[in-house]
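Structural characterization, general
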Amino acid sequence: MKTIKEMYRQPGEYFGKTISLCGWIRSNRNSKAFGFIELNDGSFFKNIQIVFEEEKLENYKEIARLGVGTAILVKGVLVETPNAKQPFEIKAESIQVEGHSPSDYPLQKKRHSFEFLRTIAHLRPRTNTFSAVFRVRSLLSYAIHKFFQERDFVYVHTPIITGSDAEGAGEMFQVTTFDLKNVPVTEEGRIDYKEDFFGRETNLTVSGQLNAEAYALAFRNVYTFGPTFRAENSNTARHAAEFWMIEPEMAFADLNDDMILAEDMIKYIFDYVLQHAPEEMEFFNNYIDKGLLERLDNVVQSEFGRITYTEAVEILKKNNDKFDYKVEWGTDLQTEHERYLTEKIFNKPVFVTDYPKEIKAFYMRLNDDGKTVAAMDLLVPGIGEIIGGSQREDRLDVLDTRIRGLGMREEDYWWYRDLRKYGGTRHAGFGLGFERAIMYMTGMSNIRDVIPFPRTPRSAEF
RNA sequence: UCCUCAGUAGCUCAAUGGCAGAGCACUCGGCUGUUAACCGAGGGGUUACUGGUUCGAGUCCAGUCUGGGGAGCCA
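Bear in mind that the values here come from a model prediction, so they are computed numbers and not experimental data.

Quick look at the protein's contact with RNA strand B
Lining the immediate environment of RNA strand B, one finds 48 residues, of which Lys91, Lys110, Thr236, His239 and Arg436 sit closest. Each atom of RNA strand B within 4 Å of the protein was classed as base or backbone; sugar and phosphate made up 52%. The contact in question runs from a sugar or linking oxygen of RNA strand B to an N or O atom on the side chain of lysine 85, over 3.0 Å. Looking at the surface near RNA strand B, the elements that each hand over two or more residues are strand 1 (18-30), strand 2 (34-40), strand 5 (88-99), helix 3 (114-118), strand 11 (242-251), strand 15 (384-391) and strand 16 (427-433). For the surface near RNA strand B, the per-class residue count stands at 11 nonpolar, 19 polar and 18 charged.

Description of the pairing of strand 13 (residues 350-356)
Here strand 13 lies mainly inside the structure; six of its seven residues are buried. Bridge analysis of strand 13 against strand 14 (residues 372-380) gives six bridges, and the strand direction is antiparallel. Opposite valine 350, over in strand 14, you have leucine 379 as the bridge partner.

Here's the deal with helix 5 (residues 209-219)
Every buried residue belonging to helix 5 is among Gln209, Leu210, Ala212, Glu213 and Ala216, and all of these are buried. Seen along its axis, helix 5 keeps its buried residues to an arc of 150°; they face one direction. Packing partners of the buried residues in helix 5 comprise strand 10 (221-229), strand 11, helix 12 (414-421) and strand 16. Arginine 220 sits one or two positions beyond helix 5 and adopts a positive phi of about 75°.

Details of the pattern of salt bridges
Counted according to the given criterion, the structure contains 23 salt bridges. The closest approach of N and O atoms between glutamate 53 and lysine 56, which form a salt bridge, is 3.6 Å. Classification of glutamate 53 as partly exposed rests on a relative accessible area of 22%. Glutamate 435 is the salt-bridge partner of arginine 137, the closest N and O atoms lying 3.0 Å from each other. Of this pair, arginine 137 sits in helix 4 (residues 128-150) while glutamate 435 sits in helix 13 (residues 434-442); the two residues are 298 residues apart in sequence, bridging distant segments of the chain. Assessed through its relative accessible area of 11%, arginine 137 is described here as buried. A cluster of three or more residues bridged by salt bridges with shared partners is formed by Glu213, Glu249, Arg392 and Arg420.

Parameters at a glance
- Residues numbered from 1 in each chain as written.
- Chains lettered and ligands numbered in written order.
- Predicted model: local features only at pLDDT ≥ 70, side-chain atom pairs only at ≥ 80, totals over all residues.
- Heavy atoms only, no water.
- Near = heavy atom within 4 Å.
- Polar contact = N/O pair within 3.5 Å; in protein donor to acceptor, adjacent residues only side chain to side chain.
- Helix = DSSP H or I, 4+ residues; strand = E, 2+ residues; numbered from the N terminus.
- Nonpolar A, V, L, I, M, F, W, Y, C, P; charged D, E, K, R; others polar.
- Buried < 20%, exposed > 50% of the residue type's maximum accessible area, 1.4 Å probe, protein only.
- Pairing = 2+ DSSP bridges.
- Arc of directions from axis to C-beta.
- Contact = heavy atoms within 4.5 Å.
- Salt bridge = Lys/Arg side-chain N within 4 Å of Asp/Glu carboxyl O.

Okay, here's the thing in structure tokens:
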């Protein structure tokens, strides 16, 4: 059994030879005595054309009637077709049906809306677009591991179930074995979590960062790559309740090292996919986003922009008449401001650094000005924030002041504080939204279309 | 959660308050090199749901549900 990918990659090896292929019919056109089947076997983005003739097949009439989606086994000879649209085709000697596809098969050999395809998430990987998206997702995933492994980063599996609501970052999904119709309560009438499975309140993780820091302070350079959960009622094209995140963490590194790593990583993984999925990338460029390849080439070759929050505010304030929300130092940048920076001012990815401490998380390192923290966001055209990172606060007394100032309890962070107490050092890391990277890479504009079975508010059908 | 737009055949969409329509798909027939093949015929509807206005509602009004786009939160 051969694959269609082998035909396309080394056609010369197979010309004139009889080969077997199995796959699914994408289209079937025929006339009285001959017909053409577009076959896709999942090994490759493109299809191969099967020519079948009445005089060669005893089951010609049956084959001519087969619908889109039918699984078949084909034996035939690969021949060159220099004057046709396709480079070669299979002259069938026999075609056997493996699985029929009745006429109510929802996929047609024409364009469907992404909205409709989301309602048939189990069938949409059989379409061109989703075939390309999910092969790129796989390659991008591999490229990320390759990038970090080549640099001797240690891959750490941080927990999915967590006992800390660490960052206070958004709503969390609670994990419990309680019978929700009969929850144990204490004498004071509160929920008695001591009776729950873990003996405490637990949730699905919103970030592996705090755990990754512990391993960075042992292995120096580490990364996590796994699922993350946010129970926010976010209804946008860029948010999902379950998504994947890559979180590198480096000891003996500052914010500048962090940005260098982020830039190197983005360039490396994009370049890897461009080289290993040329057919898919060309498809995206032609049918999803016309300027895609040009923009990605620009990303791989250009230096990312860098600007401090304070400088960005100065620029944006001069253009305040263009914005619905006026910019003022101390407020967080709105989407419209971020897009203006990355799309109009820089026209390429840009790091914005050193945000006011009030609008950033407690673990970010306080700068010498006492007003800002060593944080960085990487903004990219079309998507917005794709990476958020920082140098971590490694001075225990400063960290404690921050924790208390935010009304949090030091004892809840006892092990995190231990990392500063015993051999603490400067360290930094960031979080890359994996799906946002895929969106940027493919031009797909909705996060629901780059996750195989997406989970969003009111939606977990598959 | 807020703002906004939409929901009509399997899909993509038309239809001035007055007979429910087209293209594609599907079924049947035809066709000797097709490329989302082509030609002919046919079947296919609780107009998202509930209520209201009206002689008459796909169309107007109210509510609900679902989806898209935008915002917030963020990755």
